[in-house]
Amino acid sequence: MAYQKPYGMHDILPEEQPCWERARETFRVLCERYGFGRLDTPVLEQTAVFLKGVGEGTDIVDKEMYSFTDKGGDDLTLRPEFTAGVMRAYLEEGMRSRPQPVKLASIGPTFRRDRPGAGRYRQFHQVNAEIIGTEDAAADAELVAMAASFGAALGLGALRVLVNSTGCPACKPPYLAKLGAFLRGRRDRLSPLDRERVDRNPLRVLDSKEAETRAAIADVPLLRDDLCAACRGHFAEVRTLVARAGVEIEEAPLLVRGLDYYTRTVFEIESAAAPGAGTLLGGGRYDGLAEMLDGPRTPGAGFAGGIERMILALKAVERAPRAPRAPDVFVAYIGAAAKEAAFTLAEDLRRTGISAVFGLGDKGLKAQMKLADRTGAGLAVIVGEAELAEGKVQLRAMNASRQELAPLEGLPAALAARLAREAP
RNA sequence: GAGAGUGUAGCUCAGUUGGACAGAGCGCCAGGUUGUGGCCCUGGAGGCCGGGAGUUCAAAUCUCCUCACUCUCCCCA
C-alpha cells in the first residue's frame, strides 16, 4: 500500500453514513427542541486558547495536542475539544450583550494525539452543547437531561448517568489540601502510577482503576462532605431537577474529570450495554473558564458526546443498522442513439425531485440491469431505440419483474405521482 | 508513553515439519440471450504474502527492525 491514513484516524465510508446522519440529525432536532443556536468555530485556534482554557498540566495539553507554527509564525492548534473555542467565540463576538444565557451547539471533528483504541481516535467527532451566562442549577440539569435524551433518542439502550460536584474556589482548595495530606500519608500503599499522581494531580487518584489504590483509599475523604453551603445547595438542586425530569442518575463521589476548568457539576454517561465503549457523553460546569481566557467572570456549563463511541454502542445494541438510501429510479438505455435521451431523462427526473442513477460506463443492457439491481432502485426506466421512435420507454418494476411501455413525455411527473402514492 | 496479540486478493480466510508458478469463498468485470437484474454455468482481472534487513541452496513460513490494526494500562469523547 503506497499511502495510508494517518495513524489513529479513519475513513467514514458511504455504508456507515446512515448511522452518522442519524446521530447528526438526532442532535440537530434535540438542539432545536432545547433552544440552542448552532455555532461553528474554526478547527484551529491559537494555541494559547487551549493552554489557558483547558489548562497546562492536563493530559490533553501536555501530550495530546496537534500544535504547529504556521508560515507566518502563528502558534496554532487543532482543537482537542470544543468548549475553550466556544468560550473564546462567546467573548470575542460580544455574545455577552445577547440575552443571557446563550445556548450554543456545535458538531465536528476534534483531535487528540493519544493512543488509538476501540472507540478512540486521533481525529474523532463530537457533538457539543454549552449554556453560557448563568449559574442556575437548572442549566446543569437541562444539560444532563439533554445528554441522556440524546442517548435515548439514538437508541443506545440502557445508560448510566454518573454525576458529581467538584466544588468551587471556596471549597475545593481546602479539600485538595486535606486530600493531599491523606494520600501522602499512604503513598506507599498506592500503585506506582498513583504515587506520582499524588503531587501532580491528586484528584485523579480518586477514580484510579488500580486495585491496590482502590483498597488503600477506601476511606478517603470525599469532597461531597466538604462542599461549601452554596455548592451543596447547587448540587442538590441539580440532582432534584434531573430526577424530576425522569432521568435516573447515580451519584459518583469519585468522579473527576481531567480538564482544569470544571467547577461544581461534572457528569458522564456511559452505555450499560457496552461498557467497553467508554464515556459516551461527558460534561460539567466551568464557571472559571472565561476568566482563564482573560474575559470577565462568566459562568457556563456544557457537555460533549463522542459520535464514534455512540455509534459503537449503537451497533452493540442494534445489529441491523439502517441501509443507505436506495435511488428511486435507474435509467438504462440501449444503443448509442438512445444515450442522449436517457441522460436527459435522468436529469429531468432529478429536477422533479426523484433520485435517479444513470447507467454510466457505456455498458450493455445486461450490465446496466445488474447495476440497477445492485443500487436497489425500485424502478428501472429502459430507453430503447425502437420504443424511442414512438416516444415511449420501458418502465420496469424491479421487485415485481413486471414492465410496461410508458410515454416519455411527462414521465417525470407521472413517476413522481407514482412514487408519492407508493410511499408510506 | 507501557504491556500483549495480529498483519496472505476489495472482504472473510486456507497455506501442512521452511521447498517448484501462492489458493478458496464472496465481491468485481466479461460471456452463456442483436435489447433486460436477482439463481445457475464458464472465463478474466486483482497479491513483490504490511514494509525493510538478515539466516538458508531455498522464506508467506525462522530472526531482528519498522509500519499498521486489535486488546489491556494511561486518559478521555
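Now for a quick tour of the structure. Note that this is a predicted model, so its numbers are computed, not measured.

Parameters and conventions
Residues numbered from 1 in each chain as written. Chains lettered and ligands numbered in written order. Predicted model: local features only at pLDDT ≥ 70, side-chain atom pairs only at ≥ 80, totals over all residues. Heavy atoms only, no water. Helix = DSSP H or I, 4+ residues; strand = E, 2+ residues; numbered from the N terminus. Buried < 20%, exposed > 50% of the residue type's maximum accessible area, 1.4 Å probe, protein only. Polar contact = N/O pair within 3.5 Å; in protein donor to acceptor, adjacent residues only side chain to side chain. Axes fitted to C-alpha atoms, helices over the stretch in contact; angles between N-to-C directions. Parallel < 35°, antiparallel > 145°, perpendicular 65-115°, else oblique. Left-handed = near helix turned anticlockwise from the far one by under 90°. Contact = heavy atoms within 4.5 Å. Nonpolar A, V, L, I, M, F, W, Y, C, P; charged D, E, K, R; others polar. Pairing = 2+ DSSP bridges.

The next subject is the side chain of Asn128. Position of Asn128 relative to the elements: it lies in strand S6 (residues 123-132). Residue class for Asn128 comes out buried when judged on its relative accessible area of 1%. Reaching out from Asn128, the side chain makes a polar contact with the backbone oxygen of Phe303 at a distance of 3.5 Å.

Bringing the packing of helix H13 (residues 336-351) against helix H16 (residues 411-422) into the picture now. Taken N-terminus to C-terminus, the directions of H13 and H16 make an angle of 50°; their axes are 9 Å apart at the nearest point. Between H13 and H16, the angle falls in the class oblique. Between H13 and H16 lies a crossing of right-handed hand. Taking contact as the criterion, the partners of Leu345, Asp348 and Leu349 in H13 are, on H16, Leu411, Pro412 and Leu415. Each residue belonging to the contact of H13 with H16 can be placed in one class, and the counts come to 5 nonpolar, no polar and 1 charged.

Our next topic: the environment of Met146. The topology assignment puts Met146 in helix H5 (residues 137-154). Taking the C-alpha atoms as reference points, Met146 and Asp328, 182 residues apart in sequence, are found 36 Å from one another. The residues touching Met146, leaving out its near neighbours within four places in the chain, are Phe27, Leu30, Cys31, Tyr34, Phe36, Ala129 and Phe303.

Let us now look at the pairing of strand S11 (residues 300-306). Within S11, 7 of the 7 residues are buried, leaving the element largely enclosed by the surrounding structure. Two elements, S6 and S11, share 7 bridges in a ladder whose sense is antiparallel. The residue of S11 that forms the bridge with Ile132 is Gly300. One ladder, built from 5 bridges, connects strand S10 (residues 279-285) with S11; its direction is antiparallel. For Gly283, the partnering residue across the bridge sits in S11 and is Phe303.

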